[in-house]
Amino acid sequence: MDQLQEPWWKRSVVYQIYPRSFMDSNGDGIGDLRGIISKLCYLQCLGVEVIWLSPIYDSPNDDNGYDIRDYFNIMEEFGTMEDFEELIVQGRQHGIRIIMDLVVNHTSDEHAWFVESCSSLHSKYRDYYIWRDGQNEQPPNNWGSIFSGSAWERDEQTGEYYLHLFSMKQPDLNWENPQVRNEVFDVMKFWLDKGIGGFRMDVINFLSKDSRLLDGEIQPNQQFGDGSPFFINGPKIHSYLKEMHEKVLQQYDVLTVGEMPGTTSEGAKIYTNPDNKELQMIFTFEHMDLDSGPFEKWDLKPLDFISLKRTMEKWQLELHDVGWNSLYWNNHDQPRIISRFGNDSEMYRELSGKMLAICLHMMQGTPFIYQGEEIGMTNVRFQDIKEYRDIETLNMYRAKRQQGNSHEEIMKSIYAKGRDNARTPMQWTSSGGFTIGTPWIDINENTSKINVENALKKTSSIFYTYQRLIQLRKEHDILTYGSFQLLLLEHPSLFVYKRKLGKQEWIIVANFYGETEQISWENFEVSDKQGNVIIANYECPLIAYGTIIVRPYEAFVIEVGGE
Ligand code: NOJ
């Protein structure tokens, strides 16, 4: 690729903000836009150049903003349009672009289109959603909703059922209808014209449904059928994305990233190849699914570490020189990575957090950091289900209790995988610092130790590892363009790989476990037997005399060969 023509997002690092939990400026216990504005200096100091805001549109908050009532207004709790415009301007002054969440697989059931759609079979808006007759008083097919229960809800007024892949307050839009598509394109233009830097697109590969809507297979221990083969990467998805590109995106220099559960690296190549004029990158779930059983995320399984390496390798190799990767360990739907693939004990929390960061950020792609990741925030364990807020977690709890599972058993899954692990308030100070009021969800009690104030004071904190990693990406072409080669695939605890650009080679070594390991220079397949340390999480890596000692959760990067 011509590096002079390089798109800006290839060297940027994105920071995801979950506005509800980031910073509350007015004491109502809910994070807001002015809170975000007050933390721009902090984010600039970290070095990120892009913020992705989880939805801030007007919403009744059945799914914390992923159920939009009005695409042209800001959620009252978060502030006003003026606040948003100020965020864009002030962001720019701090060298930060704002990207928004585009949630257009579904709307809220309180959206005017849906209200109209329900009002009569003949409404102009009827066909904005997916309506079907039931069969013998039963829903049109056996699909389960991702948030438990049936994916269909009967509307009393007209007697038909509407499809909702998520909660019953999130009816799916009918993308077959060209009017729906044009409405969405107008929404996109409205925000792009305000100067935003792009979109993260919510479950964007669910838009096209196979119109036969056939029953799905019922997997063991499941009550409902799995409809996903009929809506994941459905028949018209590429044509919808191309139309979106042609009618909207091509007129703006923006970042687009599509959230795409169930998409393989082969599929990602098609979505992200610039020649296809669709998206720039997608979020894969393959690496996030490696610690779950086959049918649902709540089935816990230890991480298969060799598969993790194989998966990351596959995505790195497949998209190199064709499309582009996004790189992430965390977001608002995932548990905290230190508690998941690292070690959140007092002894190894910081080390494992830095190790995971180094391992991911040396790969090719655009890294995404989720709020709090940069200070090593961990999962939370509330005792009482009443302390949880997430609709997915609460619905699952209810359904599994009804099926006879014990409270303790279900809590184990929630502690490991629940989305509220990521949604507790950002830990700014030892007493919280998120709000002067009562937070909408409890803060993790470890804020007394894990907080921004402490992180900024201590030069060896995780924060500064992230800062350095972001800096390295801006400075070194090898990170943006270098090739990727996985080494030592079968090693049970070390993740080792090589990046190479021209004569320059970087070796990345990361120990995912708590034992000391020994390898040799020969394993690196390089001609030199020495190198400069670029970054490390122990003070001094033990890399002399042909033997490399890798301590618990150690990670380092060494450069061999010249520029
Ligand atoms: C994916 C989002 O990331 C998640 O938070 C949300 O619940 C669903 N899509 C539905 O919008």
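Since we're looking at a predicted model, the values are computed, not measured.

A. Spotlight on the sheet that holds strand E15 (residues 494-501). Here 5 strands make up an open sheet; going across it, the order is E14-E15-E16-E20-E18 and the pairing antiparallel. Of all the strands in the sheet, just strand E14 (483-487) and strand E18 (532-536) have a single pairing partner and so form its edges. Averaged over all adjacent pairs, the angle separating strand axes in this sheet is 20°, with direction ignored. In the sheet, E18 pairs with strand E20 (residues 555-560) via 4 bridges, with the strands oriented antiparallel. Within E20, the residue paired with Ala 536 across the bridge is Phe 556.

B. Seen up close, the confidence of the model for the protein chain. Within the protein chain, residue pLDDT values average 96, and 99% of them lie at 70 or more. Here strand E19 (residues 547-550) stands out as the element of the protein chain with the lowest mean pLDDT, 95, in contrast to strand E1 (residues 14-17), whose mean of 99 is the highest.

C. Structural view of unusual backbone geometry. Positive phi, normally seen in glycine, also occurs at Asn 64, with a value near 45°. One can find Asn 64 in the loop between strand E3 (57-58) and strand E4 (70-74). Here Asn 64 falls in the buried class, since its relative accessible area comes to 12%. At Leu 488, a residue that is not glycine, the phi angle is positive and equals roughly 50°. With respect to the helices and strands, Leu 488 occurs in the loop between E14 and E15.

D. Spotlight on helix H7 (residues 265-272). Within H7, burial applies to Ser 265, Gly 267, Ala 268, Tyr 271 and Thr 272. What you see down the axis of H7 is that its buried residues fit within an arc of 145°, all on one side. For H7, the secondary structure elements touched by its buried residues are helix H6 (237-247), strand E11 (281-283) and helix H8 (305-319).

E. View of the sheet that holds strand E10 (residues 255-259). Sheet architecture is open: 8 strands sit in the order E11-E10-E9-E5-E2-E1-E13-E12, paired in parallel fashion. Sheet topology places E11 and strand E12 (326-327) at the edges, where each strand pairs with a single neighbour. Across 2 bridges, E12 lies against strand E13 (residues 366-370) in parallel orientation. Counterpart to Ser 326 in the pairing with E13 is Thr 366. With respect to the sheet, helix H3 (residues 81-93) is in contact with strand E2 (50-53) and strand E5 (97-102), its orientation differing from that of E5 by roughly 135°.

F. Focus on the state of the cysteines. Applying the stated criterion to the full structure yields 0 disulfides. We note that Cys 41 lacks a disulfide partner, and the nearest cysteine sulfur, in Cys 45, lies 9.1 Å from it. On the basis of relative accessibility, which here comes to 52%, the residue Cys 41 falls in the exposed class.

G. Expanded view of the pattern of salt bridges. Within this structure, the stated rule accounts for 40 salt bridges. Glu 160 is the salt-bridge partner of Arg 126, the closest N and O atoms lying 2.7 Å from each other. Taken together, the positions of Arg 126 in the loop between helix H4 (112-119) and strand E6 (131-132) and Glu 160 in the loop between strand E7 (152-154) and strand E8 (161-163) put the pair 34 residues apart, joining distant regions of the chain. In terms of burial, Arg 126 and Glu 160 fall into one category: buried.

H. View of the domain arrangement of the protein chain. Under the domain assignment, the protein chain is made up of domain 1 (8-105 + 178-202 + 237-383 + 422-468), domain 2 (112-163) and domain 3 (483-561). Here the C-alpha centroids of domain 2 and domain 3 sit 56 Å apart.

About the cut-offs
- Residues numbered from 1 in each chain as written.
- Predicted model: local features only at pLDDT ≥ 70, side-chain atom pairs only at ≥ 80, totals over all residues.
- Heavy atoms only, no water.
- Pairing = 2+ DSSP bridges.
- Helix = DSSP H or I, 4+ residues; strand = E, 2+ residues; numbered from the N terminus.
- Axes fitted to C-alpha atoms, helices over the stretch in contact; angles between N-to-C directions.
- pLDDT = per-residue confidence, 0-100.
- Buried < 20%, exposed > 50% of the residue type's maximum accessible area, 1.4 Å probe, protein only.
- Arc of directions from axis to C-beta.
- Contact = heavy atoms within 4.5 Å.
- Disulfide = S-S within 2.5 Å.
- Salt bridge = Lys/Arg side-chain N within 4 Å of Asp/Glu carboxyl O.
- Domains from an automatic or database assignment.

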